[in-house]
Structure formats: C-alpha cells, structure tokens
Amino acid sequence: MTYPYGTGGASPYGTGATPGATPPEATTSFGFPQQRGGGALYPSAGASYGPAGLDDATRPFSTPEGLSPPTEQEPPAQAAPKKPGRDRYLDLLRSIALVRVVVYHLFGWAWLTVLFPSMGVMFALAGSLMARSLNRPALGVIRGRVRRLLPPMWAFSAAVLVLLFAGGWNPGSDPDNGGTWGWVSLFNYLVPIGAPPFPWHLGDKAGLLEDTWPAQAAGPLWYLRAYLWFVIASPLLLWAFRRVPWATLLAPLALTAVVGTGLVKIPGETGNAVTDFAVYGSCWVLGFAHHEGHLQKIPRYMAVSCSALVMAFGLWWASGHLGPDGWDLNDIPLAQATWSFGFVVILLVYSPSWQQLPGRFARWDKLVTVSNNRAVTIYLWHNMLIMATVPLIDLAYDLPFMNERLSSALDTTYSLWMFALVWPLIGAAILAVGWLEDLAAKRSPRLWPNGSRRRAAVR
C-alpha cells in the first residue's frame, strides 16, 4: 500500500526534504539537542530535574552606629540563588518540537512547519546548551558532544544497514555513488560528516515495507550531520559572537539569501549541507544570545516587533516560492530561515526559566523528562517506527470479523491508527536501545528515565 507520508523533496538530507523537517530533528544532546543528546539533545550528566534547594546561609546582621540591635526578632534571612539545574521551559519546548516532528512525518501537513518550526527551535536549544558547555575547554566539549551522539546513531545505522544488505543493496553499484566511493561513503553511517548512501527504491512496492523505505529511514540523518558541524564550529562562532554579535547572528540569514534562493548554486550534498548550515545557523547563534543574556537586554516590545517583521517577510517570500507541497517551509530555505529566526526570538525573549513545570504542564512532567533524556533515540527511530505501523495495522484486514464496512472504516481512519500505534512503538524503542544514550553520556543505564527516582530522593 502507499504510505500516508512522503519524502516531500528531492533529497532527505537537503533543507527541501520532508524528512529534513524532522528531525533533527536531533534529546537530549540534540538540544534534540539535548538535545539533536550529549550536547544539545540530551541532558547533561549532572542535570537535576527536582526542585532546586535553597542555601541555609543568611546575610550577616550588622548594627549601624547609634542604633541598638533588635532583641525580639531574628534578622531576616535572604535566599541564596537557585542551584543550577534543568530549565524546564526549554525542556518543554524540546518535547513539543519532537512531537511535532513525529506528527509532521506521519500526516505530512505542510502547515505544521509554520505553526511550530521544530528544527529551528531544536537548533536554538542546542546552541544555548553548547554555549553553556564552552565555559570548559572547547576540545573536551566537542569530544563529549560527539561521544554522546555516536553510540545511539551506531545502533540505528546497524539496523538500517542490515535491512539494506538483506534486501540485496550493493553500494558499489549504486547509480548515484557507485564504485569504491559507494563503499567509502558508508563511513557516514558511523560519523555523520556527510550524507550516507542509500537506494531510493528497494524491494517490492507491495511488500512488507514500501519500496521507498530507505529514503524514509535515512531522512533524519541530515539533522545529525548539521548538528555535528554546528558543534565543531561552535568555539569559533561563540568567539565571533562575543566580539561582533549582530554580524555573527545575521550572517547565516545573509548566506541563506545567497545559497538558499538559487542566486549561487552549490551542487550535490555539499550544497545541501551549506544550505542547512545557513538556514539554521542564526537559530544556533540565537541559543548563544539566550545563554549570554543578550536577548534580555533588548526591550521586549522591540524584539517581538522586529521578529514579527522578519516572520512576515518569510511568509511573503514563501507565498511567491511555493514548493511541491505548498506552504511547506522545508522546501523554501529563505522562508524557513526567517520564519524560524523570528519564532525562536519570541520564544526565548519570553523564556521564564522554570525549574519545575507549572500548573497544568506539571502533569506532563514525566513524559517531558523521558523525551529529553531520549531525544536522540526518538528522533532517529521515529520514521522507521511510523513505517512499522503499516504491516501491523494491515493484519487487521485478515481478522475473521472484518467485513466490507469495517474494512472501509479502517481505510478512512488508517492514519489515525498509525498515530495511535507509533507512540507505543517509540516507547518500545526507548526501552530497547535508549539506554545507549546513558552509556554515551557515561551514566548508569536506565530503561525509562522519567525522573521519578531523582524526585523521590529530593523528597
């Protein structure tokens, strides 16, 4: 059967590809960070999800000359600054971004890219965490981020490669990247410095998985490539931002206007990589601005007004450059860059820096904690798991009580059944391979890290 979702673009690694809208969505350090997991997607090893404690120390009381000290009242105590911990507002944004990515790849609704630009949000959160980490030596930070990213990716790559080779794929005879280079480029399944090779079609269209499954599976890997290059470039970007902040912040938007509009064309995957870096570069640097406190120095009305103008330009540009999927901003780089930039500015300007989720959000605390601890796993596996729902749902057609009316009802609600089934499958993936994120972060492996144990310890 035909899947309700599609690649939506020429390449799953370029900005214009539907899988690229995910992503990346990449957790935890992915900012999926962490976040895209180690750096931006997943939480840092010592992160605390419980309420921050207060210092017992009080301000020393002194008696001004000529006044008698109070005798019936103790001096007022002053609370010390809150202990550092997870910013639950940022964690909530990351969870929303991940959910939006899954829903987008399942239903393919173009308007979701306007409603909530997940990839821009995830890169911004990753950039903020990266700036915080760069208070330590840069080489060690980069090594730690890469270490957190690779083991979860290796597990995913192993599963994909086993299926590819079992299906008879030979990278040496690939029409796009054949010969010796086809085998050499398999290295990108180990370290995402470029685009890994895969066949656009493999197997039978009427088989267990539709023949386009390799492109669907490989789609999220573009985010890991972009995330890795942002991590490597971060020491230089942060250095530049601290000296010429406005130029560093706006330079990626200017680059997008050059390479994302066809004014200058860079062929192949190199062009896709440069475009991705340009489109989301300003969001990454916005993460720096958030961490450094620059956004709080700008009057809120001015930040929101200017962001609204930038976003309006993005929509105007999109209206004249609609792609094959209409208003899908993933197909319109300059619109994606400007809309995501303005959207992220507003989110970060209003950042309340929660140490606990307030009000009605508190009921989602455990799921927010799990999704942030397993952001890399969720992001990597969600496309494969969406496809896995199809053969499972198809089993219902063979049930003895299925008649023509029930089969028609199942056809009509097929996407809803996929939506309902994919979340238990994601939960199963978290239980099966999510613990690799803990090992990558040098933590004790946990099957379902929802913060319950830590909260119990705090109580």
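J.: How should the overall build of the chain be read in this particular structure?
T.: The number of helices and strands found in the chain is 17 helices and zero strands. Looking at the chain as shown, the accessible area adds up to about 20900 Å², and 65% of this sits on carbon and sulfur atoms.

J.: Is there a simple way to explain the packing of aromatic side chains in this structure?
T.: The description of two aromatic rings rests on the distance between their centres and on the angle between their planes. Going through the model one piece at a time under the given rule, you end up with 28 aromatic pairs. An aromatic cluster is built from Phe123, Trp222, Tyr223, Tyr227, Phe230, Phe277, Tyr280, Trp284 and Tyr379, whose rings are joined through pairwise contacts. The ring of Tyr104 has Arg100 sitting right over it, with the charged end atom 5.3 Å from the ring centre. Between the NZ or CZ atom of Arg300 and the centre of the ring of Tyr350, over which it lies, the distance is 4.3 Å.

J.: Can you walk me through helix H8 (residues 245-259) in this structure?
T.: Each full turn of the α-helix corresponds to 3.6 residues, which orients residues three or four apart in the same direction. An ideal rise of 1.5 Å per residue puts 21 Å on 15 residues; H8 measures up with 22 Å between its terminal C-alpha atoms. Within H8, the full set of buried residues consists of Thr248, Leu249, Pro252, Leu253, Thr256 and Val259.

J.: Whenever I open this one, a nonpolar patch on the surface confuses me. Can you help?
T.: Taken together, the side chains of Trp154, Phe187, Leu190, Ile193, Trp229 and Ile232 present a nonpolar region at the surface, about 570 Å² in accessible area. Within the fold, Trp229 resides in helix H7 (residues 221-243). For Trp229, a relative accessible area of 36% corresponds to the partly exposed category.

J.: Hey, could you run me through unusual backbone geometry in this one?
T.: Most peptide bonds take the trans configuration, and most residues that are not glycine carry a negative phi. You will see that Ser353, though not glycine, has its phi angle at about 55°, which is positive. Structurally, Ser353 can be placed in the loop between helix H11 (333-349) and helix H12 (365-373). Residue Ser353 is classed as partly exposed on the basis of its relative accessible area of 44%. Residue Lys442 is not a glycine yet carries a positive backbone phi of 60°.

J.: I keep staring at the pattern of salt bridges and nothing clicks. Help me out?
T.: Once their charged atoms are close, side chains differing in charge can pair, the charge on each being opposite to the other. Following the criterion strictly, the structure yields 10 salt bridges and no others. The residue Asp91 makes a salt bridge to Arg94 at a minimum N-O spacing of 3.1 Å. Of this pair, Asp91 and Arg94 both sit in helix H1 (residues 88-107), three residues apart, which is roughly one turn of that helix. Accessibility classification places Asp91 together with Arg94 in one group, the buried group. A salt bridge links Arg225 to Asp276, with the shortest nitrogen-to-oxygen separation between them at 3.3 Å. Placement of Arg225 in helix H7 and of Asp276 in helix H9 (residues 268-292) is noted, with a sequence separation of 51 residues between them. Accessibility assignment for this pair places Arg225 and Asp276 in one class, buried. Members of the salt-bridge network, linked through shared partners, are Arg86, Arg88, Asp91, Arg94 and Asp365.

J.: Which parts of the structure should I look at to understand the side chain of Thr369?
T.: For Thr369, the location among the structural elements is in helix H12. Engagement of the side chain of Thr369 in a polar contact is seen with the backbone oxygen of Asp365, the distance being 2.9 Å.

J.: Hey, could you run me through the nonpolar core in this one?
T.: The nonpolar side chains of soluble globular proteins are, as a tendency, buried together. Counting 104 residues, the largest nonpolar core has Phe123, Tyr223, Trp284 and Tyr379 as its most contacted members. It is helix H13 (residues 375-394) that provides the largest number of residues to this core, a total of 12 residues.

J.: For this particular structure, what's the right way to read the packing of helix H4 (residues 138-166) against H13?
T.: If you want to describe how two helices pack, look at the angle between their axes and the distance between the axes. The geometry of H4 relative to H13 is characterised by a closest axis approach of 9 Å and an angle of 15° between their N-to-C directions. As judged from the angle between their axes, H4 and H13 are roughly parallel. Read as a crossing pair, H4 and H13 show a hand that is right-handed. Residues Pro152, Met153, Ala155, Phe156, Ala159 and Leu163 of H4 touch H13, and the partners they reach there are Val376, Leu380, Trp381 and Met384. Here the residues of the contact of H4 with H13 are counted per class, giving 10 nonpolar, no polar and no charged.

J.: Would you mind showing me how to read H4 here?
T.: The terminal C-alpha atoms of H4 lie 41 Å apart, and with 29 residues this matches the ideal 42 Å at 1.5 Å per residue to within 8%. At Leu150, H4 shows its strongest bend, of approximately 25°, with the proline Pro151 following within four residues. Once H4 finishes, Gly168 follows within two positions and takes phi at roughly 95°, a positive value.

J.: Would you explain the side chain of Thr377 in this entry?
T.: Within the secondary structure, Thr377 sits in helix H13. Residue Thr377 is classed as buried on the basis of its relative accessible area of 2%. Those residues in contact with Thr377 that lie beyond four places of it in its chain are Ala429, Ile430, Val433, Gly434 and Glu437.

J.: Before we go on, may I ask you to explain the packing of H8 against H11 in this structure?
T.: Closest axis-to-axis distance for the H8/H11 pair is 8 Å, and the angle between their directions is 160°. With respect to each other, H8 and H11 are oriented roughly antiparallel. Every pair of crossing elements has a handedness; the one defined by H8 and H11 is left-handed. Across from Leu249, Leu250, Leu253, Thr256 and Ala257 in H8, the residues of H11 making contact are Pro333, Leu334, Ala337, Thr338 and Phe341. Taken together, the residues of the contact of H8 with H11 sort by class into eight nonpolar, two polar and no charged.

J.: Looking at this structure, how should I read the environment of Ser185?
T.: Here Ser185 lies in the loop between helix H5 (179-184) and helix H6 (213-218). Look at Ser185 and you get buried, because its relative accessible area is 5%. The spatial distance from the C-alpha of Ser185 to the C-alpha of Ala195 is 7.8 Å, given a sequence separation of 10 residues. Discounting chain neighbours no more than four positions away, the residues touching Ser185 are Pro196 and Pro197.

J.: Sorry, what's going on with the environment of Ala215 here?
T.: Here Ala215 is to be found in helix H6. Accessibility expressed as a relative area gives 1% for Ala215, which makes it buried. On a C-alpha basis, the gap between Ala215 and Pro199 in space is 7.3 Å, while along the polypeptide they are 16 residues apart.

The rules we used
- Residues numbered from 1 in each chain as written.
- Predicted model: local features only at pLDDT ≥ 70, side-chain atom pairs only at ≥ 80, totals over all residues.
- Heavy atoms only, no water.
- Helix = DSSP H or I, 4+ residues; strand = E, 2+ residues; numbered from the N terminus.
- Areas by Shrake-Rupley, 256 points an atom, 1.4 Å probe, with all protein chains shown as cover.
- Phe/Tyr/Trp six-rings, centres within 6.5 Å; stacked < 30°, edge-to-face > 60°.
- Lys NZ or Arg CZ within 6 Å of the ring centre and 35° of its normal.
- Expected span 1.5 Å × (residues − 1).
- Buried < 20%, exposed > 50% of the residue type's maximum accessible area, 1.4 Å probe, protein only.
- Patch = residues over 30% accessible without salt bridge, like charges linked within 9 Å, V, L, I, M, F, W, Y side chains within 5 Å.
- Salt bridge = Lys/Arg side-chain N within 4 Å of Asp/Glu carboxyl O.
- Polar contact = N/O pair within 3.5 Å; in protein donor to acceptor, adjacent residues only side chain to side chain.
- Core = buried A, V, L, I, M, F, W, Y, C linked by side-chain atoms within 4.5 Å.
- Axes fitted to C-alpha atoms, helices over the stretch in contact; angles between N-to-C directions.
- Parallel < 35°, antiparallel > 145°, perpendicular 65-115°, else oblique.
- Left-handed = near helix turned anticlockwise from the far one by under 90°.
- Contact = heavy atoms within 4.5 Å.
- Nonpolar A, V, L, I, M, F, W, Y, C, P; charged D, E, K, R; others polar.
- Bend = angle between axes of the 7 residues up to and from the residue.

Fair warning: the whole summary comes from geometry, so function is off the table for now.
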